[in-house]
Amino acid sequence: SPDWVYGGTLIREDDFPEYCRDLAEECGMIPDNFDSGDWPMRHASIDWDAAAEEAKVDYFEVQYMDETYLIRA
């Protein structure tokens, strides 16, 4: 990966949905009170597994010691 020189991160495939959620929160894409039920669209939810599948197009898959990891393409 071209980003490896700059500190690219390997993310275990099993952890990728949680990584996507954390990234979205850190980038300010998710309201702070999203899960609290205190905001007007409290009926909304995010399928983080589906979101992670969509995000995979921007990542390479790498096999290491029988595990699959993802790294930003």
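Residues numbered from 1 in each chain as written. Predicted model: local features only at pLDDT ≥ 70, side-chain atom pairs only at ≥ 80, totals over all residues. Heavy atoms only, no water.

Peer 1: Help me understand the packing of aromatic side chains in this model?
Peer 2: Two aromatic rings, taken as a pair, are described by how far apart their centres are and by the angle between their planes. A complete count under the given rule lists three aromatic pairs for this structure. Note on phenylalanine 16 and tyrosine 59: the rings are 4.9 Å apart at their centroids and 75 degrees apart in plane angle, and the pair reads as edge-to-face. Of the two residues, phenylalanine 16 is situated in helix α1 (residues 16–26) and tyrosine 59 in strand β2 (residues 59–64); the sequence distance between them amounts to 43 residues. A single burial state applies to phenylalanine 16 and to tyrosine 59, both of which are buried. Judged by centre distance (6.4 Å) and plane angle (90 degrees), the ring pair of tyrosine 19 and tyrosine 59 falls under edge-to-face. Here tyrosine 59 lies in strand β2 and tyrosine 19 lies in helix α1, a separation of 40 residues in the sequence. Accessibility expressed as a relative area gives 27% for tyrosine 19, which makes it partly exposed. With relative accessibility at 11%, the residue tyrosine 59 sits in the buried group. (Phe/Tyr/Trp six-rings, centres within 6.5 Å; stacked < 30°, edge-to-face > 60°. Helix = DSSP H or I, 4+ residues; strand = E, 2+ residues; numbered from the N terminus. Buried < 20%, exposed > 50% of the residue type's maximum accessible area, 1.4 Å probe, protein only.)

Peer 1: What is the right way to read the pairing of strand β3 (residues 67–72) from this model?
Peer 2: A regular strand carries its side chains on alternate faces of the sheet. Relative to β3, strand β1 (residues 11–12) runs antiparallel, the two being bridged by two bridges. When the bridges of β3 are listed, arginine 12 appears paired with tyrosine 69. Across six bridges, the pairing between β2 and β3 is antiparallel. What sits directly across from tyrosine 59, in β3, is arginine 72. The antiparallel hairpin formed by β2 and β3 contains two residues in its connecting segment, where methionine 65 sits at a positive phi of about 50 degrees. (Pairing = 2+ DSSP bridges.)

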